Amino acid sequence: MSRIALVDDDRNILTSVAMTLEAEGFEVETYNDGQQAFDAFSKKLPDMAVLDIKMPRMDGMDLLQRLRQKSQMPVIFLTSKDDEIDEVLGLRMGADDYVKKPFSQRLLVERIRALLRRQDAQNGEVVAETEETKVIERGYLRMDPLRHAVSWKGQDVSLTVTEFLLLQALAQRP
């Protein structure tokens, strides 16, 4: 069971997202601000984190910067900021994905699963092959969900998590 840290100063988001993730089988730890999360992460790192950007005491950008000094765990920013520059900065600092509020909890869960699968594959962990994880080949298209890799006519194609999930859903149901 993967441990997910949710860090947001909005209690409604913490509660609803935590309930959704727990219903999907994840172990969830919630924190109201970046400093509280950083203190807890110093003792034991979760498998991945979902961070708000604007928080009291320590914002998500500062927390991510400190995390990246000691860990490469997957991080998704969850934020109401909609400036493209904020998204670019977050991704350049090392965030793996960026989700804008309001958001679909189902899509957030799938983004979390995709990042965890990729992390497991990079760590060399054996992941049971399922419909969601086996390599898909359709004509010139080749998709490897565990590596989050796509190629078309033998050429690698770079996709966002959302683009990958959409293409995967279409390719699995030709």
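This text goes with the structure placed above it.
The paragraphs below set out a description of the structure included in this document. Each chain carries its own residue numbering, running from 1 in the direction its sequence is written. Given that the model is predicted, a residue must reach a pLDDT of at least 70 before its local features are reported, and side-chain atom pairs must reach 80 or more before they are shown or counted; all residues, however, enter totals for whole chains, interfaces and linings. Where side-chain values are given, they derive from all heavy atoms of the structure, hydrogens and water being excluded.

## What to know about a nonpolar patch on the surface
Quick note on the threshold: Patch criteria: residues need more than 30% relative accessible area and no salt bridge. Like-charged residues are merged within 9 Å; nonpolar side chains of Val, Leu, Ile, Met, Phe, Trp and Tyr are merged within 5 Å. Areas reported as accessible are Shrake-Rupley estimates using a 1.4 Å probe. Residue values count occlusion only from the protein chains shown. Salt bridges are identified by distance alone: a Lys or Arg side-chain nitrogen within 4 Å of an Asp or Glu carboxyl oxygen. Numbered from the N terminus, helices here are DSSP runs of H or I no shorter than four residues, and strands are runs of E no shorter than two.
On the surface, Tyr140, Trp152 and Val157 cluster together into a nonpolar patch covering about 320 Å² of accessible area. By the secondary structure assignment, Val157 is in strand β9 (residues 155-157).

## Some points on the packing of helix α2 (residues 34-43) against helix α3 (residues 60-68)
This is how it is decided: For helices, the fitted axis covers only the stretch in contact; all axes are lines through C-alpha atoms, and the angles between them, taken along N-to-C directions, range from 0 to 180 degrees. By the definition adopted for this analysis, an angle is roughly parallel if under 35 degrees, roughly antiparallel if over 145, roughly perpendicular if from 65 to 115, and oblique otherwise. By definition, turning the near helix anticlockwise from the far helix through less than a right angle yields a left-handed crossing, and turning it clockwise yields a right-handed one. We call two residues in contact whenever any of their non-hydrogen atoms come within 4.5 Å of each other. Nonpolar residues are Ala, Val, Leu, Ile, Met, Phe, Trp, Tyr, Cys and Pro. Charged residues are Asp, Glu, Lys and Arg, and all others, Gly as well, are polar.
With their axes 9 Å apart at the nearest point, α2 and α3 run at an angle of 15 degrees to one another. Put simply, α2 runs roughly parallel to α3. α2 and α3 meet at a crossing whose hand is right-handed. Residue-level contacts link Gly34, Gln35, Ala37, Phe38 and Phe41 of α2 to Leu63, Arg66 and Leu67 of α3. Residues that form the contact of α2 with α3 fall into these classes: five nonpolar, two polar and one charged.

## Re the sheet that holds strand β2 (residues 27-31)
The line we're drawing: Pairing between two strands requires that DSSP report at least two bridges joining them.
Spatially, β2-β1-β3-β4-β5 is the arrangement adopted by the five strands of the open sheet, whose pairing is parallel. What marks the edges here is a single partner per strand, and that holds for β2 and β5 (97-100). Averaged over all adjacent pairs, the angle separating strand axes in this sheet is 20 degrees, with direction ignored. Here strand β4 (residues 75-79) pairs with β5 via four bridges, running parallel. What sits directly across from Thr79, in β5, is Lys100.

## Regarding the pairing of strand β3 (residues 48-51)
To keep things clear, this is the line we draw: When a residue's accessible area, from a 1.4 Å probe over protein chains only, is under 20% of the maximum for its type it is buried; when over 50% it is exposed; and in between it is partly exposed. A right-handed crossover is one whose linking path, passing over the helix from the first strand to the second, runs clockwise when the strands point away from the viewer.
Residues of β3 alternate between two faces, with Met48 and Val50 on one and Ala49 and Leu51 on the opposite face, all of them buried. Across four bridges, the pairing between strand β1 (residues 3-7) and β3 is parallel. Opposite Ala5, over in β3, you have Ala49 as the bridge partner. Chirality of the crossover, the property in question, places the unit of β3, α3 and β4 among those that are right-handed.

Bear in mind that shape data such as this cannot, by itself, settle questions of function.
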